[in-house]
Amino acid sequence: MTRNTATFLEIPRPALILGLAGLLPFVWGVVTLYSPALATLTTEAIGPRFSGPYVGLAYGTVILSFMSGVLWGFAANTSGAQAAVGYALATLPALWAFFMVGGGPVSAAINLITGFLALLALDYVFWRWGLAPRWWMALRCILTGGVIMCLLPITL
């Protein structure tokens with residue numbers, strides 16, 4: 001099947017706005033990583049897990065698992081062998097997050113980056129199968145790029 005990727009302008013506005021809003025915890029992690037004053041303020045106000053690398057790693061783990069559910073939903077729109085393969089593939093991001101995120105912030109960030117890149121490949125598979133909306137890959141590329149850019153500083 002030949003499928004053309006939609007442009008940025010074709011992404012439904014609510015999906016784009018909510019997707020970009022979903023990047024805010026990642027961005028906050030980077031901001032507090034480079035601003036000790038904001039990190040201290042955040043730690044004092046709501047706790048240490050909401051600043052620096054901790055917020056990005058915890059939230060990244062949640063989002064990678066959440067995306068397993070999205071892929072599972074795509075798999076539910078097909079049947080037979082394709083559904084079985086789809087369900088199996090859909091479990092991989094959550095399993096990756098469960099087994100691979102830990103062991104310190106640097107390795108956790110590297111494993112999350114790897115997980116999000118693999119997720120993008122899975123998004124492409126489901127999109128090519130016609131199970132994801134036409135605009136899906138345009139949105140997923142933007143969001144994956146944002147996530148990776150926010151996780152990279154943790155690896156340095």
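See the structure shown above.
Residues numbered from 1 in each chain as written. Predicted model: local features only at pLDDT ≥ 70, side-chain atom pairs only at ≥ 80, totals over all residues. Heavy atoms only, no water.

A.B. asks: Help me understand the side chain of Thr-78, please; the structure alone is not making it clear to me.
C.D. replies: Looking at the secondary structure, you find Thr-78 in the loop between helix 4 (52-75) and helix 5 (80-100). On the accessibility criterion, Thr-78 (18% relative accessible area) is buried. At 2.7 Å, the side chain of Thr-78 forms a polar contact with the side chain of Gln-82. Ignoring any residue separated from it by four or fewer positions in sequence, one finds Thr-78 in contact with Ala-83 and Leu-131. (Helix = DSSP H or I, 4+ residues; strand = E, 2+ residues; numbered from the N terminus. Buried < 20%, exposed > 50% of the residue type's maximum accessible area, 1.4 Å probe, protein only. Polar contact = N/O pair within 3.5 Å; in protein donor to acceptor, adjacent residues only side chain to side chain. Contact = heavy atoms within 4.5 Å.)

A.B. asks: Looking at this model, I keep getting lost on the pattern of salt bridges. Mind explaining?
C.D. replies: Pairs can form between side chains of opposite charge once their charged atoms are near each other. According to the stated counting rule, one finds two salt bridges in the structure shown. Measuring nitrogen to oxygen at the nearest pair gives 2.5 Å for the salt bridge that ties Arg-134 to Glu-10. You can see Arg-134 sitting in the loop between helix 6 (105-128) and helix 7 (136-155) and its partner Glu-10 sitting in the segment before helix 1 (13-21), a full 124 residues away along the chain. In this structure Glu-10 comes out as partly exposed when scored by relative accessible area, which is 37%. Note that Asp-123 is salt-bridged to Arg-140, the shortest N-O span being 2.7 Å. Taken together, the residues Asp-123 in helix 6 and Arg-140 in helix 7 connect sequence positions 17 residues apart. (Salt bridge = Lys/Arg side-chain N within 4 Å of Asp/Glu carboxyl O.)

A.B. asks: Looking at this structure, I do not really get the state of the cysteines. What am I missing?
C.D. replies: What we call a disulfide is simply a covalent bond connecting the sulfur atoms of a pair of cysteines. All chains considered together, the criterion is met by zero disulfides. Lacking any disulfide linkage, Cys-141 is separated from the closest cysteine sulfur, that of Cys-150, by 16 Å. Classification of Cys-150 by relative accessible area gives buried; the value is 12%. (Disulfide = S-S within 2.5 Å.)

A.B. asks: Help me understand a nonpolar patch on the surface in this model?
C.D. replies: A cluster of nonpolar side chains, contributed by Leu-92, Leu-95, Phe-98, Phe-99 and Met-100, occupies part of the molecular surface with about 540 Å² of accessible area. Counting through the fold element by element, Met-100 comes out in helix 5. By relative accessible area, which is 32% here, Met-100 ends up partly exposed. (Patch = residues over 30% accessible without salt bridge, like charges linked within 9 Å, V, L, I, M, F, W, Y side chains within 5 Å. Areas by Shrake-Rupley, 256 points an atom, 1.4 Å probe, with all protein chains shown as cover.)

A.B. asks: Would you mind showing me how to read the environment of Leu-20 here?
C.D. replies: Looking at the element boundaries, Leu-20 is found in helix 1. By relative accessible area, Leu-20 is classed as partly exposed at 38%. Separated by 13 residues in sequence, Leu-20 and Thr-7 place their C-alpha atoms 16 Å apart. In contact with Leu-20, other than residues within four places in its own chain, are Ile-142 and Leu-143.

A.B. asks: Looking at this model, I keep getting lost on the environment of Leu-23. Mind explaining?
C.D. replies: With respect to the helices and strands, the residue Leu-23 is situated in the loop between helix 1 and helix 2 (24-34). According to the relative accessible area criterion, Leu-23 is buried, its value standing at 12%. Expressed as a C-alpha distance, the spacing of Leu-23 and Val-147, which sit 124 residues apart in the sequence, is 6.8 Å. If sequence neighbours within four positions are ignored, Leu-23 has contacts with Leu-143, Gly-146 and Val-147.

A.B. asks: Help me understand the packing of aromatic side chains in this model?
C.D. replies: The geometry of two aromatic rings is summed up by the distance between their centres and the angle between their planes. Enumeration over the complete set of coordinates arrives at nine aromatic pairs. For the pair Phe-74 and Phe-126, a centre-to-centre distance of 6.3 Å together with 45° between the ring planes defines the contact as tilted. Taken together, the positions of Phe-74 in helix 4 and Phe-126 in helix 6 put the pair 52 residues apart, joining distant regions of the chain. No difference in accessibility class separates Phe-74 from Phe-126, as the two residues are buried. Judged by centre distance (6.0 Å) and plane angle (55°), the rings of Trp-135 and Trp-136 are tilted. Taken together, Phe-74, Phe-126, Trp-129, Trp-135 and Trp-136 form an aromatic cluster joined through their ring pairs. (Phe/Tyr/Trp six-rings, centres within 6.5 Å; stacked < 30°, edge-to-face > 60°.)

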